[in-house]
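Survey of secondary and tertiary structure
Read off the chains here:
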Amino acid sequence: MSAEIYNFPCIIAGQTFNGVEFTILVNGNPVNIIAVEATFLSTKGKFVLTNGAGFTIIDGPNGKIGLDKQIIDWPFGSYDYQIKTTLFGGDEKYYISGKWVILKELNAVVFV
């Protein structure tokens, strides 16, 4: 299975992101997730969110994970990301990747 693409909606730096949940299925069956790590990269920096620090395993045996509600105070720019999951048994897989654009607001005009 190749990684699915999910591009987050743009957000202005300093605003609250309301969170998002993912259910990871392979051939229609949930994967048993025991750890998750999301890495966001841009020319402005690298941000890593892990279990209990920005990411939550909602229901590991049923493949449910979530990026938590949080204030996104990263430098503005375009970030590429991938989510690494560790499965029961120790295998590491990348099932989700994409982009997230963090915008900068200046005098009511939005710049990327």
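Quick note: structure is the one above.
A few points on the structure. What you see is a predicted model; the values in this text were computed from it and never measured. (Residues numbered from 1 in each chain as written. Predicted model: local features only at pLDDT ≥ 70, side-chain atom pairs only at ≥ 80, totals over all residues. Heavy atoms only, no water.)

The subject of this paragraph is the overall build of the protein chain. A count of helices and strands for the protein chain gives zero helices and 14 strands. Going from N to C terminus, the protein chain has its helices and strands arranged as β-β-β-β-β-β-β-β-β-β-β-β-β-β. Here the protein chain has a C-alpha radius of gyration of 15 Å; the compact-globule value for 112 residues is 13 Å, and the two agree. By principal-axis analysis of the C-alpha atoms, the protein chain measures approximately 50 × 25 × 20 Å. The burial tally for the protein chain puts 37% of its 112 residues in the buried class. (Helix = DSSP H or I, 4+ residues; strand = E, 2+ residues; numbered from the N terminus. Rg over C-alpha atoms; globule rule 2.2 N^0.38 Å. Buried < 20%, exposed > 50% of the residue type's maximum accessible area, 1.4 Å probe, protein only.)

Turning our eyes to something else, we now look at the pattern of salt bridges. Enumeration according to the criterion identifies three salt bridges in this entry. Lys84 is paired through a salt bridge with Glu37; the nearest N and O atoms lie 3.9 Å apart. Taken together, the positions of Lys84 in strand E12 (residues 77-87) and Glu37 in strand E7 (residues 33-42) put the pair 47 residues apart, joining distant regions of the chain. By relative accessible area, Lys84 is classed as buried at 17%. Close ionic contact of Lys99 with Asp80 constitutes a salt bridge, the shortest N to O distance being 2.4 Å. Here Asp80 lies in strand E12 and Lys99 lies in strand E13 (residues 92-106), a separation of 19 residues in the sequence. (Salt bridge = Lys/Arg side-chain N within 4 Å of Asp/Glu carboxyl O.)

With that out of the way, let us pick up the packing of aromatic side chains. Here the structure, examined in full by the defined rule, presents 14 aromatic pairs. Consider the rings of Phe8 and Phe40, whose centres lie 6.2 Å apart with planes at 50°: the pair is tilted. Taken together, the residues span a long stretch of sequence, with Phe8 in the loop between strand E1 (4-5) and strand E2 (11-12) and Phe40 in strand E7 at a distance of 32 residues. Owing to a relative accessible area of 1%, Phe40 belongs among the buried residues under this scheme. Where Phe8 meets Trp100, the ring centres are 4.5 Å apart and the plane angle is 25°; that geometry is what we call stacked. Linking Phe8 in the loop between E1 and E2 with Trp100 in strand E13, this pair joins segments that are 92 residues apart in sequence. The residues Phe8 and Trp100 share a single accessibility class, namely buried. The cationic tip of Lys44 hangs over the ring face of Phe76; the distance from NZ or CZ to the ring centre is 3.8 Å. (Phe/Tyr/Trp six-rings, centres within 6.5 Å; stacked < 30°, edge-to-face > 60°. Lys NZ or Arg CZ within 6 Å of the ring centre and 35° of its normal.)

Function cannot be read off these values alone, since they describe shape.
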